[in-house]
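These are the residues of each chain, in order.
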Amino acid sequence: GAVVSQHPSWVICKSGTSVKIECRSLDFQATTMFWYRQFPKQSLMLMATSNEGSKATYEQGVEKDKFLINHASLTLSTLTVTSAHPEDSSFYICSARDQERPTDTQYFGPGTRLTVL
Amino acid sequence: KQEVTQIPAALSVPEGENLVLNCSFTDSAIYNLQWFRQDPGKGLTSLLLIQSSQREQTSGRLNASLDKSSGRSTLYIAASQPGDSATYLCAVPLQGGSQGNLIFGKGTKLSVKP
């Protein structure tokens with residue numbers, strides 16, 4: 001089955017530093033990947049859509065200069081949280097669409113727990 | 001604006017019980033509806049996807065139904081087991097947006113006691 005990995009699984013950083021999270025599709029090619037954020041006891045909310053070889057599309061209210069997304073290959077997308085603050089502490093989950101399967105099929109990564117001190 | 005609501009927020013049952021989780025959505029013009037499972041601190045596992053033209057989908061002990069006109073879906077779990085303990089999420093795609101823009105409910109946290 002299709003597998004999506006994320007690295008790291010958890011990270012703790014100081015306020016003001018930047019953190020990079022990787023999302024990889026291990027056994028399929030993904031032209032499109034998605035980044036979600038989940039606060040405690042809240043729904044997952046889409047942050048941005050990452051397209052291989054082009055700029056990401058950000059959802060309303062998500063600062064593109066703060067959450068930098070790079071999708072440089074068909075199997076890797078990265079999310080960099082720049083100048084992180086405690087309010088950025090959250091669970092970040094990526095998903096990837098297998099280009100060989102129907103467009104409504106997404107495979108989710110295991111998530112990355114970010115804690116900003 | 002599409003909103004997805006899940007009731008109850010939490011549910012605790014003894015092992016072996018059959019149970020129903022509920023999901024409702026405000027805009028009935030959906031492409032499909034998915035049910036996911038999320039274990040603590042983990043990502044999502046897709047359980048069932050129901051296309052808008054379908055009434056139900058079954059996978060093992062799971063059965064999901066969809067009533068578009070009333071904006072409701074149910075996830076039926078038969079003969080529950082402790083391993084079923086997790087948070088169950090339902091989601092629908094945002095109309096007119098990327099197929100990836102799934103609108104999620106807050107989930108139902110299920111605990112099955114041995």
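Shown above is the structure to which this text applies.
Keep in mind the model is a prediction, meaning the values are calculated, not measured.

Quick notes on the sheet that holds strand β3 (residues 19-25) of chain B
Residues and elements named next belong to chain B. Read from one edge to the other, the open sheet built from 5 strands follows the order β1-β3-β8-β7-β6, with strand pairing classed as antiparallel. With one partner strand each, in any of the chains shown, β1 (4-7) and β6 (56-59) form the two edges of the open sheet. When the angles between neighbouring strand axes are averaged without regard to direction, this sheet yields 15 degrees. One ladder, built from 6 bridges, connects strand β7 (residues 62-67) with strand β8 (residues 72-77); its direction is antiparallel. Looking at β8, one finds that asparagine 63 is bridged to tyrosine 76.

Details of the pattern of salt bridges
Enumeration over the complete set of coordinates arrives at 4 salt bridges over all chains. Between A:Lys66 and A:Asp88 there is a salt bridge; the shortest N-O distance is 2.9 Å. Taken together, the positions of A:Lys66 in the loop between β6 (57-58) and β7 (67-73) and A:Asp88 in the loop between β8 (76-81) and β9 (90-97) put the pair 22 residues apart, joining distant regions of the chain. Grouping residues by exposure puts A:Lys66 and A:Asp88 together as buried. With its nearest N and O atoms 2.8 Å apart, the salt bridge here joins B:Asp84 to B:Arg61. One end of the pair, B:Asp84, is in the loop between β8 and β9 (86-93); the other, B:Arg61, is in the loop between β6 and β7, and 23 residues separate them in sequence. According to the relative accessible area criterion, B:Asp84 is buried, its value standing at 7%.

Quick notes on the rules
Residues numbered from 1 in each chain as written. Chains lettered and ligands numbered in written order. Predicted model: local features only at pLDDT ≥ 70, side-chain atom pairs only at ≥ 80, totals over all residues. Heavy atoms only, no water. Pairing = 2+ DSSP bridges. Helix = DSSP H or I, 4+ residues; strand = E, 2+ residues; numbered from the N terminus. Axes fitted to C-alpha atoms, helices over the stretch in contact; angles between N-to-C directions. Salt bridge = Lys/Arg side-chain N within 4 Å of Asp/Glu carboxyl O. Buried < 20%, exposed > 50% of the residue type's maximum accessible area, 1.4 Å probe, protein only.

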